[in-house]
Amino acid sequence: MPAGAALLADIGGTNVRFALLDRGEIADIRILPTAGYPDPASAAQAYLKGRKIASAAFAIAAPPDNEPISLTNSDWEFSRQALAADLGIADLHIVNDFTAQALALPLLGPEDCRPIGPGRAVPAAPMAVLGPGTGLGVSGLVPDGNAWIPLSTEGGHVTLPARTPEEDAVIAWLRERFGHISAERALSGPGLVNLMNAISGIDGNANPCTAPAEVTAAAAAGDPQAVRAVSMFCEFLGTVAGDIALTFGAAGGIYISGGIVPKLGDSFDRSGFRARFEDKGRFSDYLRAIPTCVVTAPCPALTGLRSLFMPD
């Protein structure tokens, strides 16, 4: 391997995606389960299998400036200094995973995104990305001359708003169990399970669901409670995405990433997502002009990490 090769790692709550950056090209992408390793260094060493690297960039599902760093939805805890030492490098970049997603946005092509609804991106305008997965990531990208500045946020933990009496009841049911109901409590894999269990509990069903795949499979089979849960998930996501678009002034577009929405396929396109995105009263016309799309590229965070090694 050339001496200048870099290790790229996208660490989520469930999986870590590794790749090598060799002469500007991403290669040898592999996915390992976070639960299979005690820390990121062990997982990286299992991936590298003795191969040497010159530098590394890690995208993590956690605030990157804490020390030690603790992943929000995983047991992994590590220090920046120890990780660099274990990898035998001095050049180590650590960013929030959705900062990396945001850095990828200008590099995505039409083949990497599926439009949802109308709207046209304003060139060189702010963009934002949010993604339900193990948690809910949120980031933005703002222009700075010919460059872009990513915004590292914890926007997934904003308070979840209700728009209908059924949503009021679901949030009240969840509040009894969790206290503060963040957007992530509904807009994530565990959040989809929460919605299903809340709807079932309100309806008097005592059989709790434990996995998001159960919900989506039941919805595909026509189970009415699961259909309501998936529909509510999409509509909540539209409301939160609209709030983010207004907050960032994201005339450059709103991008939906993460592991859940792409798996919903055409059912997401037919859902109430876009209607709820635009449903902002006096600012509905403002939102109607903003494009929304689902990111279909398989590993956008790795693309964003690659940009850290690109010349200005």
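A.B. asks: How do you make sense of the overall build of the chain when you look at a structure like this?
C.D. replies: For the chain, the helix and strand inventory stands at 12 helices and 13 strands. Its C-alpha atoms give the chain a radius of gyration of 20 Å, near enough to 20 Å, the size a compact globule of 312 residues would have. For the chain, buried positions account for 50% of its 312 residues. Considering only contacts in the chain between residues 6 or more positions apart, those separated by 24 or more positions represent 68%. Put simply, the chain shows about 13,800 Å² of open surface, and 53% of that area lies on carbon and sulfur atoms. Separation between the mean location of the 22 positive side-chain charges and that of the 32 negative ones in the chain comes to 3 Å.

A.B. asks: Would you mind showing me how to read the pattern of salt bridges here?
C.D. replies: Close approach of charged atoms allows side chains of opposite charge to pair. Considering all chains together, one arrives at 13 salt bridges under this definition. Between Arg23 and Asp22 there is a salt bridge whose closest N-O contact spans 3.6 Å. Judged by relative accessible area, which is 73%, Arg23 ranks as exposed. Looking at Asp22, the relative accessible area reads 24%, which means it is partly exposed. Each of the salt bridges in this network shares a partner with another, and the network as a whole consists of Arg274, Glu278, Asp285 and Arg288.

A.B. asks: I keep staring at the packing of aromatic side chains and nothing clicks. Help me out?
C.D. replies: Two aromatic rings are characterised by how far apart their centres lie and by the angle between their planes. Applying the stated criterion across every chain, the model contains four aromatic pairs. Ring centres of Phe18 and Tyr47 lie 5.1 Å apart, and the angle between their planes is 20 degrees; on these two criteria the pair is classed as stacked. Of this pair, Phe18 sits in strand β2 (residues 15-22) while Tyr47 sits in helix α1 (residues 40-48); the two residues are 29 residues apart in sequence, bridging distant segments of the chain. Look at Phe18 and you get buried, because its relative accessible area is 1%. For Tyr47, a relative accessible area of 0% gives the class buried.

A.B. asks: Can you walk me through helix α3 (residues 97-104) in this structure?
C.D. replies: Two residues of an α-helix separated by three or four positions point the same way, owing to the 3.6 residues in each turn. Counting buried positions along α3 yields eight of eight residues, so the element is predominantly enclosed. Among the residues of α3, those classed as buried are Asp97, Phe98, Thr99, Ala100, Gln101, Ala102, Leu103 and Ala104. Capping the start of α3, Asn96 holds a side-chain oxygen 2.8 Å from the backbone nitrogen of Phe98, two or three residues further along.

A.B. asks: How should I be thinking about the nonpolar core in this particular structure?
C.D. replies: Soluble, globular proteins show a tendency: their nonpolar side chains are buried together. In terms of nonpolar packing, the biggest core is built from 48 residues, with Leu130, Leu187, Phe233, Ile254 and Phe268 touching the most fellow members. Element by element, the count of residues in this core is highest for helix α7 (residues 224-248), at 13 residues. In terms of nonpolar packing, the next biggest core, distinct from the first, is built from 27 residues, Ile53, Ile69, Phe78 and Ile89 among them.

What counts and what doesn't
- Residues numbered from 1 in each chain as written.
- Predicted model: local features only at pLDDT ≥ 70, side-chain atom pairs only at ≥ 80, totals over all residues.
- Heavy atoms only, no water.
- Helix = DSSP H or I, 4+ residues; strand = E, 2+ residues; numbered from the N terminus.
- Rg over C-alpha atoms; globule rule 2.2 N^0.38 Å.
- Buried < 20%, exposed > 50% of the residue type's maximum accessible area, 1.4 Å probe, protein only.
- Contact = heavy atoms within 4.5 Å.
- Areas by Shrake-Rupley, 256 points an atom, 1.4 Å probe, with all protein chains shown as cover.
- Lys, Arg positive; Asp, Glu negative; His and termini not counted.
- Charge placed at Lys NZ, Arg CZ, Asp CG, Glu CD.
- Salt bridge = Lys/Arg side-chain N within 4 Å of Asp/Glu carboxyl O.
- Phe/Tyr/Trp six-rings, centres within 6.5 Å; stacked < 30°, edge-to-face > 60°.
- Polar contact = N/O pair within 3.5 Å; in protein donor to acceptor, adjacent residues only side chain to side chain.
- Core = buried A, V, L, I, M, F, W, Y, C linked by side-chain atoms within 4.5 Å.

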